[in-house]
Amino acid sequence: MGIECSSVVSAPLTEVFDWFTRPGAFTRLSPPWQPMTLVRESDSLADGRAVLGLPAGLRWVARHDPDAFDPPHRFVDRIDADGPASLPAALAIRWRHTHEFEAVDDTHTRVRDRVETPVPARVLRSTFDYRYRQLAADLAAHRTAARHGFPRSTIAVTGATGLVGTALTAFLSTGGHTVIRLVRHPPRDPGERQWNPADPAPDLLTGVDAVVHLAGASIAGRFTERHKRQIADSRIEPTRALAQLAARTGISTFVSASAIGYYGDDRGDETLTEESDRGDGFLADVVADWEQAADLAGGRVVRVRTGIVQSPAGGTLRLLRPLFALGLGGRIGNGRQWLSWIGIDDLIDVYHRALWDDSLSGALNAVAPAPVRNSEYTRMLAAILHRPAVLPVPGIGPALLLGRQGARELALASQRVVPARLHAAGHEFRTPDLASALRHVLGRTDSRAGI
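Residues numbered from 1 in each chain as written. Predicted model: local features only at pLDDT ≥ 70, side-chain atom pairs only at ≥ 80, totals over all residues. Heavy atoms only, no water.

1. Some remarks on the pattern of salt bridges
Working definition: two side chains of opposite charge can pair if their charged atoms are close together.
For step 1, the next point in the chain: By the definition in use, this model includes 23 salt bridges.
For step 2, the next point in the chain: Where Lys-228 meets Glu-225, a salt bridge forms, and the shortest distance between an N and an O atom there is 3.2 Å. Placement of both Lys-228 and Glu-225 in helix H6 (residues 225–233) is noted, with a separation of three residues, approximately one turn of the helix.
For step 3, the next point in the chain: Here Arg-300 and Asp-358 are joined by a salt bridge, their closest N and O atoms 3.7 Å apart. With Arg-300 in strand E14 (residues 300–306) and Asp-358 in the loop between helix H10 (344–356) and strand E18 (362–366), this pair connects stretches of sequence that are 58 residues apart.
For step 4, the next point in the chain: Judged by its relative accessible area of 10%, Arg-300 is buried.
For step 5, the next point in the chain: Owing to a relative accessible area of 61%, Asp-358 belongs among the exposed residues under this scheme. (Salt bridge = Lys/Arg side-chain N within 4 Å of Asp/Glu carboxyl O. Helix = DSSP H or I, 4+ residues; strand = E, 2+ residues; numbered from the N terminus. Buried < 20%, exposed > 50% of the residue type's maximum accessible area, 1.4 Å probe, protein only.)

2. Concerning the pairing of strand E8 (residues 154–158)
Walk down a regular strand and you will see the side chains alternate between the two sheet faces.
For step 1, the next point in the chain: With respect to burial, E8 is a largely interior element, five of its five residues being buried.
For step 2, the next point in the chain: For E8 and strand E9 (residues 178–183), the ladder comprises five bridges, and the chain directions are parallel. Paired with Thr-154 across the bridge in E9 is Thr-178.
For step 3, the next point in the chain: Pairing of E8 with strand E11 (residues 210–213) involves four bridges; the strand directions are parallel. (Pairing = 2+ DSSP bridges.)

3. Description of the packing of helix H4 (residues 121–147) against H10
For step 1, the next point in the chain: Between H4 and H10, whose axes approach to 11 Å, the crossing angle comes to 15 degrees. Put simply, H4 runs roughly parallel to H10. Handedness of the crossing formed by H4 with H10: right-handed. Contact residues: Tyr-130, Gln-134, Ala-141, His-142, Thr-144 and Ala-145 in H4; Asp-345, Asp-349, His-352 and Trp-356 in H10. (Axes fitted to C-alpha atoms, helices over the stretch in contact; angles between N-to-C directions. Parallel < 35°, antiparallel > 145°, perpendicular 65-115°, else oblique. Left-handed = near helix turned anticlockwise from the far one by under 90°. Contact = heavy atoms within 4.5 Å.)

4. A closer look at the packing of helix H9 (residues 315–325) against helix H11 (residues 374–384)
For step 1, the next point in the chain: It is the contact of H9 with H11, at a shortest axis distance of 10 Å, that shows an interaxial angle of 60 degrees. The pairing of H9 with H11 is recorded here as oblique in orientation. In this structure, the crossing between H9 and H11 has a hand that is right-handed. Across the interface between the two elements, Leu-317, Leu-320 and Phe-324 from H9 touch Tyr-377, Thr-378, Leu-381 and Ala-382 from H11.

5. Things to note about the sheet that holds strand E12 (residues 253–259)
For step 1, the next point in the chain: Spatially, the seven strands line up as an open sheet ordered E10-E9-E8-E11-E12-E14-E18, and their pairing is parallel. For this open sheet the edge positions go to strand E10 (192–194) and E18, each flanked by a neighbour on one side alone. With strand direction ignored, the average angle separating the axes of adjacent strands in the sheet is 25 degrees.
For step 2, the next point in the chain: Sheet topology places E11 next to E12; four bridges connect them, and they run parallel.

Right, dumping it as structure tokens:
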């Protein structure tokens, strides 16, 4: 059993192989629907080892075979079981993955994967389909940036361990950029610098070309006064201090996270662009102050107003997926509220574009082109998971969990936001419609989706 498959990508042989050698490659190729985390990344495809975390304390150790290493044509890894629990011995011993690369011509490379394992090909197929989509799209994104003159850069990132930060730092490093993670703890490796959000060190951004500021407490939770203070205090003053430091350091590009909460909790059927007025509510107030703080960075500032991010590794979809998989999903309230969403990889592309496209500044709506109503989202997710969605959640349900204000501004919020400035810039989305986005991140890209 096992699998053998291949795909041709539009990039030269050495460019493709080099992508695999850089930090972040495993993260970019790991399907978000799988319960696997990267505990420690390999430092070499020749003879390194990576440690992978699984549920229940299991550890898989991927060891690279030095005898099979033949750059830029081949590297091999095998996975052994290690940890307090054990896997079947046959599975642990017989997983051997051969990665092969062959030049088709000067601008195309065939990537071939051969995995020897008891796991049948039908189980592995969605994983390798996902890997090939990710590889091709990431390489294409970096080529587009290079054509527009974006050089290899040193980019400092806050919030690098979150859902977006993990994906973005991996994307940037596999593209050949140097990523400096700004962390609150003492640095553990040369890729980290300690950051005090209240009083960043004067030399924190020395040698940095651009900053991506993602840090902020989760807005999920009951809207108590304490929780609201955490939301505001983790964003406004830290952003102000970092932006002012960026201005003093002479950073040319400062990209800050923001949110479509700027437009208020309910704008009816109004189509909202970056030119639309600010709405009402607690989150609208926080976002407005957050964005004003970011503008102190000087240079070119881009404020990325993010919609509901689609990934089973975090955010709303992580909460909804198990409920819908059990057939317990349904619309919230009357289901007519607008949901402006974006796939995780399209969000990464937006941040990337904000870094390289000098024509972009100010607010930027990071949402897919086609917002949907809550009832449509519910129907789509249920269909892709092959489950019914017949258990509507009354409006009082979110209010019990989030409080009345939290329910109004989160679960029942209705914002019909469109990416007007990205459209004007000719930006292309990887998954512009909800069906393709959910299929991609859930590994349901075959005809069984039924839609």
